Each structure stands twice: as structure tokens, then as C-alpha cells.
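# Examining the three-dimensional arrangement
One-letter residues, chain by chain:
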Amino acid sequence: MLARVANNLFWMGRYIERAEHTARFMNVNYFSSLDAPNKLSQSRQFVLHSICSMIGDDVDDDIGLNEEDVFFNVGLNPEKPYSILQCVKFARENANSSRDMISTEFYESMNKFYHFVMNYPKTVFVKSGLHDFTTNVTEHTAILRGKIRGTLLHDEVYALIMLGINIERATQIIRIVKTKFEDAQKATGGYSNPIKNSFEWTTLLKCCESYDMNRRFYKKPPVQLTVLEFLILNENCPRSVMNSLNQIQRHVTLLDMLKIKDKSSAAFLIGKMRSEYEFKTVEEIQKNVEKFIENTLNTLVEISEKLEKEYFNY
Amino acid sequence: MDLGTSKPIFSSYQKNKDLFDEIFDERNNVRPTYKMIFDLYSDHSIEEFAGLNEKAKASFFNQGITFQVYSDKKALEKIFPFDLFPRIIEAKEWKTIEKGVLQRSKALNHFIWDLYHEKNIIKEGIVPLDLISSSVNYLRQMIDLDPPGGIYNHISGTDLIKHSDGKYYVLEDNIRCPSGVSYVICNRNALKRALFGVFNHYQIHAVTNYAENLLEIMESVKPNHVDVPNCVVITPGIFNSAYYEHSYLAKTIGIELVEGRDLFVENDFVYMKTISGPEKVDVIYRRIDDTFLDPLEFRQDSAIGVPGLFAAYKKGNVSIVNAPGTGVADDKAIYTYMPEIIKYYLDEKPILSNVHTYHCSKKEDLKYVLENIAKLVIKPVDEAGGYGISIGNRLTKTEIENVKKVILENPRKYIAQPIMSLSVHATYCEDSQSFEQRHVDLRTFTLLGKDKSFVLKGGLTRVALKKGNLIVNSSQGGGSKDTWVLKK
């Protein structure tokens, strides 16, 4: 496969996944804040700052934000590289460049998604369309994932898309954890009493579509310990970092079985990270959550850069 | 269906008696071939048909079967308008077309070989030397070069029309990078999606076998000493208006779609950059014009070509489909010599007629043209896409004078032909929500390889969607129809 096309497939996967997490984060945060139990969590400004922080456009807490502006920027602003609209546009551009590699069925769904986002009326979105738009975005991405799994050959094309999707998923999940962890601290002034702020932990789980399964698994209201354990270490939770790492390892092996022997390869680093995660306990993570999150993010960036060097350099 | 509120769809069909209607004969009866489909379509109300038309459009749009047009520096995606009423060609009629287009392809291949080698046809005075020497499409780099398998025009697109006399005439032979074949297949799929019932009543040749035949043709002209050739399609990129077709062909053939930047040349061999290192490429179906192929040999400013590609080609290490330099023979001035060219190389009579052509480069022809512009179509010999064409009976007096001036400035650049009346076909018009007569032509696709040839049984019927318009090119607002070739 062409190196350029491999790069396109990888980034297509990343952008599809990114659009979904951004949409869901907006949706869940905003709607759960409407009847939040404490004043700060209910505050519109608090929610808007949280959204900006998650997509990486940090704004100082004391600067007031306009709701419609934030919605527009994160949802449909073609000038903002992080907007959902741009993610979908980039995803489709990458699909266009690799169109001969992917199935007609998948491309048609990608194309419908693109037209849905491009034609969504701005004024409707910022005033009343938040729920409709974001749920549609998550639906479309689910369809795309279905078509990727169900209509493509599970060869290196598939492996590259899955690498993109899972590296992005792990990154977004850990970013969401980071944002909500910070929110939870702010909402209670430190996390000395983890049970009290179960509201923020519930929101966090919902942002990752993992609330119901978390309740089923622990049979208790979510607290910091169980939520971090579930979203980071539970390999059966499809949104956990551990689950993504397993998939990343599986698909990088599909690309090249032998590269893992090379200490400087992406495959080696992925194996190393995955092994560390496998024997990590949540109690260890709790000791310094910020540090753990930072390390995870850095390693994911390093993996992505190594993949780029090994496979896409042209 | 409620006949009380809905009108049958042919209720307002107006017939112009001077034109050859593909569906109705002179006495206004439906021709036998179309009888069945006419009855089936007549069962639909206008509303039903409008609904089907919308669905077909949405299907093209969602599948991304589109081309780009640029306005105000913004790229717009447009679908190639598609008409739900198919054009039907009878088995007997098709046989002649198929033989005729293949004959032309073969003759042109001999002709190009001759032009780049002995030039016998010029030496014998059959084709004038200045037609070749003044052609910008004659590539001196190709002189004495033998393309693998001896084939130049592997892929030809022949444009045919049916005149008011009911006979087919060839308008053009496109042997550079003829496009449109993906639409032949997409149109068939779209019609199946919308009106599958009609297919039960006709025995129609499939069109899906184009890709496999193209691959066989490509493999047949592989460089010597290659067992299983690695074939690719090269595209200028996603912003090219025909990118959809490029990706479609690569996908259906099952080969890589590459851009110039994906290839490089080392020691006169061509390689593509893959995730596991360089991989040798043996046959390239190029959808890039000659002069952009290799900045070292042709246009230096080409950013879409591959430096060193031509040197590799010269060494016989890679095949290029179609060969560089074929453009010299799809010049509209050469077209007029086609009957002589066929006679000279094949010793056969042309199976398909040419439209009579006046060469402004010839004195007596020039005189006739200048005196009879109102009866003629004036065409520049080297423009594609229907640009620069003047239709005599549409011009005002001052416009005629202007055209005369333009011709006299550079007579070599122009030819003139009698105004041919393209046949008309019932076409659904969105504005009037009814069927109306619209002019149509037909592009066929012929493949020529080493000891192998193939004519796609079907073609692209292009429709001029504007009332009375004769120019069917998609860049000028044309649409298309599914084209059925009957098995018997």
C-alpha cells in the first residue's frame, strides 16, 4: 500500500473518532449541567469552560464565555481546526484520497455524514440544535465504524484505520478523564471526599458512553476510584484506555509482525505501554492522577509520531 | 394509480418533425424497440416520476459520484445530471457500431506508429505533412520509439451521432485520455435502483466487465522480462474534475491509484512508495496529459508528473497507457482523413461514416467556408470539451464577420462541417416536469491490447439538457442516459 494512502487512512480514522468524542462531550456536559446538584456544576460558564478545555482551547476561568460562540466554534466553525465540522471535512478529504482502497458502502456513509454536517444550519445549531446535531454525529460515526468493520477487508487498510481510531480514542478518553477530573476537583475544592462529587463522575462516564455498564459492573454509584479503574484499566470496557491499547497492539502487529523486535519501533513502544497498563492498579494511579494522565498522553503522541516515521514518510 | 388527478407522463411531449426522434417514428408511432418501455413508463404519473428523479439524484450525490466546478474560487460539487429514460440500441445496429469503432482504433494505431517511424502516409501524399508538423501534439520524443506490445491508443472513446437520415456518423475519435466510462456503469446502477422492473422485459448486455478487460489490456502490454506486471492508475489528484472516475477505475480493477508524488524513478525503473518500502511499477494507466507526465522531458512546471518517467519508458522498463503522443491523431483535422487512413492501413472501407469536413487550411475549402458560414459548424482543431465552437445558423451578421476574421488569422486552426442534426430522445425535464425532446450523442469505449481488443457493449449517451442545444459536453451543462445494447 502507498505510504501516502496509509497516512490518509490513519488520519481518517482519527478524525472520525475525534468528531464523535467532541460531539458527545458537548452534549453530555451541557445537558447534565442543567439539573446539576451543586451551584458550580450548574453554572453555564463552568460547563462552557469545561468544553473549551476538553477540545484544547483553554480559556482562563475568569474570562466570560458566550454560549452561542462556544457552540459555534466547537460545532460548526470552519475556521477552527478543532470544530466537529473540520474533523468531518478532514475525515472525508482523507477518505477521498484513499477512495480506491475503501468500499463504496463505507464511502457513501462517509459522504452522507459530510453533507449532513456541512448543511446543518448554524443558527438552528447554536439556538436549539445542540442535541439533535450531536446525537446525529454520534449516530453517523457508529454507522461508519460498522461499515469499516463490516465492509472492508481486514488487512492493512483495516489495520491502519483501526490504529487511527484507537489511538484517537485512547487520547480522547484520557483527555475527557483529565477535564472531568479537574472539574470534579473544582466542584468540591479538592478531591478529599470522592463520594460527594459522584455527579461529576457520572457525567464523565456518560461522556464515554460507559455509565450503564459501570453500574452493572460495580453495582454502586460511581466514585473516583471505580470510574478511573473502569475507564483506564478495564479491558472489557470498549472505551477504556486498556481496551484501545489492546486493539492498537493487535493492529500494529497486523501491519508488520517482526517490527516489535526493534527497540526503537512504534510496535515495541506500544507493547511496552500495554504491558505496563496490564499490571497497573488504580491505587497506584490515584497517587498522582495528573502525572499518570500526562505520561499517557505523551506516550500516545510518541507512538503516533513513530508510526508516521515508520509507515507514512514519503 | 389515480388517473383522475395525475397526468400520464407523455401527455405534453412535443415533436419536432425535422428531427430524428429515437422513440417515435415519422408517423408518430412508438418504435418497436421502445414499445415495451414506453408502455411501462406511461403507467407512471408525473408525480411518481418526479419522485424517482429526485431519488436518483440523491443517490448520485450520496455516493459522491460528482465532479467539481469552480466558481468564485470555491469548489462546488455537482452531480452529472442523469436521465431515467434509457437509450436503447438494437443488436444489429450495435454490431455495425462495434465493428466500426474497432476498425477506427486499429487504423489509428497503425497511423500513429507510421507517424513516429517511416511516415509513409505522408511520403505518399495521403495526409499533408503540415498537418503533422504544425501539430502541437506531435511529440518528437516519441520518434522511433516502440511502445510495448506495439500499441499506442489502448483506450479510445469514439463519439457518434445519429443524423436526421437515421444513420450513425462519427464526430470525434478521442485517444488521449477519454473519460466517462465510470458513468456508463453508474448510470446502469442508478437506473436499476430506481426502475428495476423495466429490466425484466429486455435482454441487455452487462457493462460491468469493462474493468477486467482493461486490466487484461494493461497486462498484455507489459514490459518485456516482467512475469506478472504491477499495474497502477495515475491521477492528478483529488481536485481533478474526473477524480471520481480515476478512483472508481482503480477500485474496480483492483489496482493502486497513485499520484505523481507517490512514484519515483531510480536507474530508469519506476517505483511507488509503499508502507513497506519501494515497489516496482510496470504498467501505468495515466490520466495525466502528455506534457505533464515528466517535468524532465516535457513541461518543467509540472507538479503532477514523475521526473524520469519518460527515460524509463524509453528504456522499455515501464508501459504507459495510452502512449505519449497519441494526441497527434485525435486532432480534428486528422479526423477528416480517417476514410483515407482506414483504406491505407487496413485496405478496408470505413464501416462508420465521417461527417464531411472542410479544411480551412485548404484554399478552396476556406473559400467555401467563408461564403457559407451560416450553414456550417466551425471548430478549432485542438480544443476539447466543446469550447470555441461556433454554430453558423445561430450567429448574427456581426458575429459571422467576427468568426471570419478569426478564421483568417489562423486558417490551420479551424475546420468546418455541415450542421449535423443530432437525433433527439425523450428526456425528463425538471423545469417543466415532463418529457421533452433533447439532442443526444453516444460515446463508445474501445480497448486495444497486444493480440486483444474489446468494445464495451454500451456507452455513454450524453444529452444536451438545454432546449435546442447541440453541445452535450458535461462542462457545458450536458447530462447522460443509461445506454442499453440489446442481446438480440
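Residues numbered from 1 in each chain as written. Chains lettered and ligands numbered in written order. Predicted model: local features only at pLDDT ≥ 70, side-chain atom pairs only at ≥ 80, totals over all residues.

## Structural notes on the overall build of chain B
For clarity, the cut-off: Going along the chain from the N terminus, every DSSP run of H or I of four or more residues is numbered as a helix, and every run of E of two or more is numbered as a strand. To sort residues by exposure, count the other C-beta atoms lying within 10 Å of each residue's C-beta; 20 or more gives buried, 12 or fewer gives exposed, and values between give partly exposed, all with C-beta atoms placed from the backbone. Two residues qualify as a contact pair if the distance between their C-beta atoms, derived from the backbone, is within 7 Å.
Each helix and strand counted, chain B has 13 helices and 22 strands in total. The proportion of buried residues among the 488 residues of chain B is 44%. Within chain B, counting contacts between residues at least 6 apart in sequence, those at least 24 apart form 71% of the total.

## Some thoughts on the overall build of chain A
Our working rule: Computation of the radius of gyration draws on C-alpha atoms, with the globule rule given as 2.2 Å multiplied by the number of residues to the power 0.38.
Counting its secondary structure elements, chain A contains 15 helices and 0 strands. Against the compact-globule benchmark of 20 Å for 314 residues, chain A has a radius of gyration of 19 Å, which places it among compact chains. Reported as C-alpha extents along the three principal axes, the dimensions of chain A are approximately 55 × 50 × 35 Å. A buried classification covers 47% of the 314 residues belonging to chain A. Considering only contacts in chain A between residues 6 or more positions apart, those separated by 24 or more positions represent 67%.

## Structural notes on the confidence of the model for chain B
Note the following rule: Each residue gets a pLDDT score, which is the predictor's confidence in that residue and runs from 0 to 100.
Averaged over every residue, the pLDDT of chain B is 89; the share at 70 or more is 96%. The complex model carries a pTM of 0.86, and its ipTM stands at 0.80.

## Thoughts on the interface of chain B and chain A
The interface of chain B with chain A comprises 15 residues on the first partner and 17 residues on the second. Elements with a minimum of two residues in the side of chain B that touches chain A: α2 (46-63), α8 (243-253), β7 (256-258) and β9 (269-274) of chain B.

## Concerning the pairing of strand β11 (residues 283-286) of chain B
It is a general feature of regular strands that their side chains alternate between the two faces of the sheet. Residue and element names in this part refer to chain B. Here is the rule: Note on pairing: two strands pair once DSSP finds at least 2 bridges between them. Orienting the strands away from the viewer, one traces the path from the first strand over the helix to the second; a clockwise path indicates a right-handed crossover.
Burial along β11 is two-sided: the face carrying V283 and Y285 and the face carrying I284 and R286 are both buried. Here β11 runs beside strand β12 (residues 319-321); their pairing, made up of 3 bridges, is parallel. Residue pairing in the sheet places Y285 in a bridge with V321 of β12. With helix α9 (residues 309-314) bridging β11 and the parallel β12, this β-α-β connection has right-handed handedness.

## Topic: the sheet that holds strand β15 (residues 376-380) of chain B
Taken together, 4 strands build an open sheet; the order of strands is β14-β17-β15-β16 (chain B) and the sheet is antiparallel. Edge positions in the open sheet fall to β14 (358-359) and β16 (390-391) of chain B, since each of these has one partner strand only.

## Remarks on the pairing of strand β6 (residues 231-234) of chain B
Residue and element names in this part refer to chain B. Of the two faces of β6, both are covered, the one formed by C231 and V233 as well as the one formed by V232 and I234. Here β6 runs beside β11; their pairing, made up of 4 bridges, is parallel. Bridge pairing in β11 links V233 to Y285. Of the strand pairs in this sheet, β6 and β7 are connected by 3 bridges, and their pairing is parallel. Bridge pairing links V232 to E256 in β7. For the handedness criterion, the β-α-β arrangement of β6, α8 and β7 is classed as right-handed.

## Quick word on the sheet that holds β7 of chain B
By way of backbone hydrogen bonds, the strands of a sheet pair with one another, either parallel or antiparallel. All names here are of chain B. The criterion, for reference: Every axis in this analysis is a line fitted to C-alpha atoms, fitted for helices over the stretch in contact. Angles between the N-to-C directions lie between 0 and 180 degrees.
Read across the sheet, 4 strands follow the order β7-β6-β11-β12 without closing on themselves; strand pairing throughout is parallel. One side of each edge strand has no neighbouring strand; the edge strands of this open sheet are β7 and β12. For this sheet, the mean angle separating the axes of adjacent strands, direction not counted, is 30 degrees. Packed on one face of the sheet, helix α7 (residues 210-220) meets β6, β11 and β12 and runs near 110 degrees to β6. Its contacts with the sheet place α8 against β6 and β7, and it is angled at close to 150 degrees to β7.

## Here's the deal with unusual backbone geometry
All names here are of chain B. Put simply, V321 and N322 share a cis peptide bond, and its omega is -15 degrees. Locating N322 in the fold gives a position in the loop between β12 and α10 (332-335). Although it is not a glycine, N267 sits at a positive phi angle of roughly 50 degrees. As for its placement among the helices and strands, N267 is situated in the loop between β8 (263-266) and β9. Located in the positive-phi region is D268, a residue other than glycine, with phi close to 65 degrees. Along the chain, D268 falls in the loop between β8 and β9. According to the C-beta neighbour criterion, D268 is partly exposed, with 15 such atoms within 10 Å.

## What to know about the environment of L85 of chain A
All names here are of chain A. Here L85 lies in helix α5 (residues 84-97). You can call L85 buried: it has 23 C-beta atoms within 10 Å. Distance in space between the C-alpha atoms of L85 and F72 is 9.9 Å, their sequence separation being 13 residues.

## Thoughts on the packing of helix α10 (residues 211-218) of chain A against helix α11 (residues 224-233) of chain A
All names here are of chain A. Rules: Here roughly perpendicular refers to angles of 65 to 115 degrees, roughly parallel to angles under 35, roughly antiparallel to angles over 145, and oblique to all remaining angles. Helix crossings are classified by the rotation of the near helix relative to the far one: an anticlockwise turn of less than a right angle makes the crossing left-handed, while a clockwise turn makes it right-handed. Any residue outside Ala, Val, Leu, Ile, Met, Phe, Trp, Tyr, Cys, Pro, Asp, Glu, Lys and Arg is labelled polar, Gly included; the first ten of those are nonpolar and the last four are charged.
Between α10 and α11, the least distance of the axes is 11 Å, while the angle of their chain directions is 115 degrees. In terms of orientation, α10 lies roughly perpendicular with respect to α11. Between α10 and α11 lies a crossing whose hand is right-handed. Counting all contacts with α10, which are made through N214, F217 and Y218, the residues of α11 involved are T226, V227 and F230. A class-by-class count of the residues in the contact of α10 with α11 yields 4 nonpolar, 2 polar and no charged.

## So, the packing of helix α1 (residues 3-33) of chain A against helix α9 (residues 198-207) of chain A
Residues and elements named next belong to chain A. It is the contact of α1 with α9, at a shortest axis distance of 9 Å, that shows an interaxial angle of 150 degrees. As judged from the angle between their axes, α1 and α9 are roughly antiparallel. As for the relative orientation of α1 and α9, their crossing is right-handed in sense. In this structure, α1 contributes R24, F25, V28, N29 and S32 to the contact, and α9 contributes T203, K206 and C207.

## A word on the environment of S432 of chain B
Residues and elements named next belong to chain B. Secondary-structure assignment places S432 in the loop between β18 (424-429) and β19 (434-449). By the C-beta count within 10 Å, which is 11 here, S432 ends up exposed. Taking the C-alpha atoms as reference points, S432 and S12, 420 residues apart in sequence, are found 9.6 Å from one another.

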